[in-house]
Amino acid sequence: MRVLIEKLHIKDSYTINELKDLEGTFEKISAVVVKVRPDKLLELDLGNDIKGIMSLEEFEDSDNISLTSVVSKIGKVIYCIVEYVDINKHEVILSRKKLQKQYKETVLNQLEKGTVLETQVLSVASFGVFVDLGMGIIGMLPLADISITRIVNPKDIFKMGDSITVIYKGQGEKGYIVSHKELLGTWKENLQDYNVGDYFQGVIREIKPYGLFVEITPNLSGLADYPEDFEVHLGDTVCVYLKSINEEKLKVKLQIISISSIPYKVKYKYLIKEEIIKEWIYTPSSCIKEIKTIF
């Protein structure tokens, strides 16, 4: 069973007395960001005509709070804690920073490297994928850690809101780092459904002067020659023929038969079932070069 990052219940509204009872505690509440004011204060809706107020400094446990990231939360739910309740004004002073700091100390910083996490895609960039680690804290899935096959544009694979499983790698200079490729199976596991002589779909992931790398499953690609009778391009879905398999050199030789009219669909099948993994070896023992990850 995989470790699941805590998912919080979203409550639409609170009474002023409920909020007063939570004053000064670390009990988590949800609120909708309504506006960001010129005086660097955020206004939040707590329901029942109760206004939440949060200073920009209390928005995030970070030394570099981006106004863009704050503005992007307008109209969205965030989680925070109650610091002070003014019953007469029907106003509540809130902090997201203190909640995040506590969550880092008690949850994220206690995670063992190699812990498997279920999470959600927050956004996708050319260099990787940002995932939700809970309480508004972001984890980074670098491009090279998505899969063994080379990915040119992560936007071809992921979109905001996708549920994915990742492995915690630890903290880097820019925050929490996760990986994904180790969950997708070894070279042998990815080849178990393919045999020499098979025809099937693939997608062109990389173009080199000496040939085309075609992904046939997320952690496995093969090399094909340029077709003589038609042009192909990066990202094209193609029908291929499996010509040969060389386990020692980790090579799969393909022949492109045609361009497919039905797009190739990436299907992630997570093969690791453990909660924590310490070592993962992609290559078979007979292979000259070893590809592995140690967490």
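Just above sits the structure.
As a starting point, this report considers the structure included with it. Treat the numbers as computed from the prediction; the structure is a model and nothing was measured.

Conventions and cut-offs
Residues numbered from 1 in each chain as written. Predicted model: local features only at pLDDT ≥ 70, side-chain atom pairs only at ≥ 80, totals over all residues. Heavy atoms only, no water. Pairing = 2+ DSSP bridges. Helix = DSSP H or I, 4+ residues; strand = E, 2+ residues; numbered from the N terminus. Axes fitted to C-alpha atoms, helices over the stretch in contact; angles between N-to-C directions. Contact = heavy atoms within 4.5 Å. Buried < 20%, exposed > 50% of the residue type's maximum accessible area, 1.4 Å probe, protein only. Arc of directions from axis to C-beta. 1 Å grid on protein atoms, 1.4 Å probe; cavity = no way out; pocket = protein on both sides within 12 Å on 5 of 7 lines; lining within 4 Å. Points joined across faces, edges and corners; volume = space filled by probe spheres on them. Nonpolar A, V, L, I, M, F, W, Y, C, P; charged D, E, K, R; others polar. Patch = residues over 30% accessible without salt bridge, like charges linked within 9 Å, V, L, I, M, F, W, Y side chains within 5 Å. Areas by Shrake-Rupley, 256 points an atom, 1.4 Å probe, with all protein chains shown as cover. Salt bridge = Lys/Arg side-chain N within 4 Å of Asp/Glu carboxyl O.

Further remarks concern the sheet that holds strand 6 (residues 91–95). Strand pairing in a sheet relies on backbone hydrogen bonds, with the paired strands running either antiparallel or parallel. The mixed closed barrel is built from five strands, whose spatial order is 2-3-4-6-5. For this sheet, the mean inter-axis angle between neighbouring strands, taken without regard to orientation, is 50 degrees. Pairing analysis gives four bridges linking strand 2 (residues 29–36) to strand 5 (residues 77–86), with the strands arranged antiparallel. Bridge pairing links Ala 31 to Ile 78 in strand 5. Sitting on the sheet, helix 3 (residues 97–106) touches strand 5 and strand 6, and the angle it makes with strand 5 is about 120 degrees.

Taken as a whole, helix 3 has its buried residues at Leu 99, Gln 100, Tyr 103 and Lys 104. In a view along the axis of helix 3, the buried residues occupy a sector of 130 degrees, so they form one face of it.

To find the voids left in a structure, one rolls a probe of water-molecule size over its atoms. There is about 570 Å³ of room inside the second largest pocket. Contributing to the lining of the second largest pocket are 23 residues, with Phe 213, Ser 221, Lys 249, Leu 250 and Lys 251 lying nearest its centre. Those elements that provide at least two residues to the lining of the second largest pocket are strand 12 (199–208), strand 14 (220–224) and strand 16 (251–259). Of the residues forming the lining of the second largest pocket, the biggest block, four residues, is contributed by strand 14. Here the residues of the lining of the second largest pocket are counted per class, giving 11 nonpolar, four polar and eight charged.

Quick look at a nonpolar patch on the surface now. A cluster of nonpolar side chains, Val 152, Ile 207, Tyr 226 and Leu 234, forms an exposed patch at the surface whose accessible area comes to about 330 Å². Along the chain, Leu 234 falls in the loop between strand 14 and strand 15 (237–246).

Limitation: the analysis is restricted to geometry and does not speak to function.
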